[in-house]
Amino acid sequence: MAQNVPTPYTAKVYKAVGFTQGYNFWLWLFLSLGLGGFALLRLPFLDLYGTLCGSASGGRDRATPGECFYYLQPGGRYQLGIVAHLAAVLPAALLAPAQFVPALRRRAPGLHRAGGYAATALAVAGTASVLAIVRRSQGGGIDTQSMVGLLAIMFPWALYKGVVSARNRQIEQHRVWMLRAWVYAGAIVTMRIIITISVMVLSFIGGYYYTSPCDKINYMLKGENATLARFPECASFFSGEDPDRHVAVRASVLTRDKVEVAAAVNLVFGSAGWLAIVIHAAAVEYYLHLTSTEKRTAKSAKLQQNGVNNALKAD
């Protein structure tokens, strides 16, 4: 990996928090702001009725249109699942960046361990709770369910390996597995960027549709008459003949129509998640490969220098 040439000021900044290389500091800062900032901006979502599903109190929903149809079902698995998920995963994402600060690990190892166990426990709880809502979340398509399922395996497994490595005093392996875990978790941020780009592209191209359930559409349009006026195929839902009736909805964000925006987001959500996971998994392995090569090179140079010094002493 090419060595950067830091200015005295930037060197002072990254060395103050324990980093020996500038690029490591800037990468940590970039990823921390991404994951931590994402979590920080979503802390208001912990107020289910006032913010996430603000329509319940006369405001507007901050969730993807239609999602609150499930979240507002009192005592249901979706309401309990989303509340538990946000209450666990948001604090975990805020705690995680500090765990990668070298100065904290060296000067306050007890605090590092406590923060690490707290972040890990919260992350596992947040991952488990998201499985309760994935059947309906963002359309609940097989692409979305499989994507969430994969991440629900990769993330906790990497955390588990990291904890085991720490308990076995394998500090380098601990660092590697925890880095993998939280880079995997960061895919949830990247997928939002991919979703934003994807829905704009498919909306401009046009001709894309997504099947949505009539009960969810009825929630968004706020009434049987409005729903039937746009989707007469939902008549069998209202008559009780087909309670699970789905209809094709145009996927577009250009009209700013709630039903069409929901269809657009639901259509790309799963594929965006898959792509983000692949990007993050490949990126972290590439980074680990480069840094391991760099460490081997530095160790070899140090051994060579020691050999030279020993030879000079012998002379």
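Conventions we followed
Residues numbered from 1 in each chain as written. Predicted model: local features only at pLDDT ≥ 70, side-chain atom pairs only at ≥ 80, totals over all residues. Heavy atoms only, no water. Helix = DSSP H or I, 4+ residues; strand = E, 2+ residues; numbered from the N terminus. Buried < 20%, exposed > 50% of the residue type's maximum accessible area, 1.4 Å probe, protein only. Contact = heavy atoms within 4.5 Å. Areas by Shrake-Rupley, 256 points an atom, 1.4 Å probe, with all protein chains shown as cover. Axes fitted to C-alpha atoms, helices over the stretch in contact; angles between N-to-C directions. Parallel < 35°, antiparallel > 145°, perpendicular 65-115°, else oblique. Left-handed = near helix turned anticlockwise from the far one by under 90°. Nonpolar A, V, L, I, M, F, W, Y, C, P; charged D, E, K, R; others polar. Phe/Tyr/Trp six-rings, centres within 6.5 Å; stacked < 30°, edge-to-face > 60°.

Student: Describe in detail the overall build of the protein chain, supporting the description with residues and values.
Tutor: For the protein chain, the helix and strand inventory stands at 14 helices and two strands. A total of 315 residues make up the protein chain; the buried ones form 44% of that total. Relative to all contacts within the protein chain whose residues are 6 or more apart in sequence, the contacts with residues 24 or more apart total 66%. Only carbon and sulfur atoms are counted for the fraction: they give 64% of the accessible area of the protein chain, which is about 16,900 Å².

Student: How would you explain the packing of helix 8 (residues 142-167) against helix 9 (residues 171-185) if you had to name every residue and give the values?
Tutor: The contact between helix 8 and helix 9 brings their axes to 8 Å, and the two run at 160°. With respect to their mutual orientation, helix 8 and helix 9 come out roughly antiparallel. When you trace helix 8 past helix 9, the crossing you get is left-handed. Between helix 8 and helix 9, the residues in contact are Leu151, Met154, Phe155, Trp157, Ala158, Leu159, Lys161, Gly162, Val163, Ser165 and Ala166 and Gln173, His174, Trp177, Met178, Arg180, Ala181, Trp182, Tyr184 and Ala185, respectively.

Student: I'd love a proper account of the packing of helix 5 (residues 77-95) against helix 7 (residues 109-130), names of residues and values included.
Tutor: With their axes 7 Å apart at the nearest point, helix 5 and helix 7 run at an angle of 150° to one another. Relative to helix 7, the element helix 5 is oriented roughly antiparallel. Helix 5 and helix 7 meet at a crossing whose hand is left-handed. Facing Gly81, Ala84, His85, Ala88, Val89, Pro91, Ala92 and Leu95 of helix 5, the residues of helix 7 in contact are Gly115, Ala118, Ala119, Leu122, Ala123, Ala125, Gly126, Ser129 and Val130. Here the contact of helix 5 with helix 7 is built from residues that sort into twelve nonpolar, five polar and no charged.

Student: Residue-level account of the packing of aromatic side chains, with values.
Tutor: All told, the structure shown has eight aromatic pairs when counted by the stated rule. On the numbers, 6.0 Å between centres and 35° between planes, the contact of Phe25 with Trp28 is tilted. Taken together, the residues Phe25 and Trp28, both in helix 2 (residues 22-42) and three residues apart, mark about one turn of the helix. Across the pair, exposure class does not vary: Phe25 and Trp28 are buried alike. Each ring, one from Trp157 and one from Tyr160, has its centre 5.5 Å from the other, and the planes form 35°; the classification is tilted.

None of this, on its own, says anything about what the molecule does.
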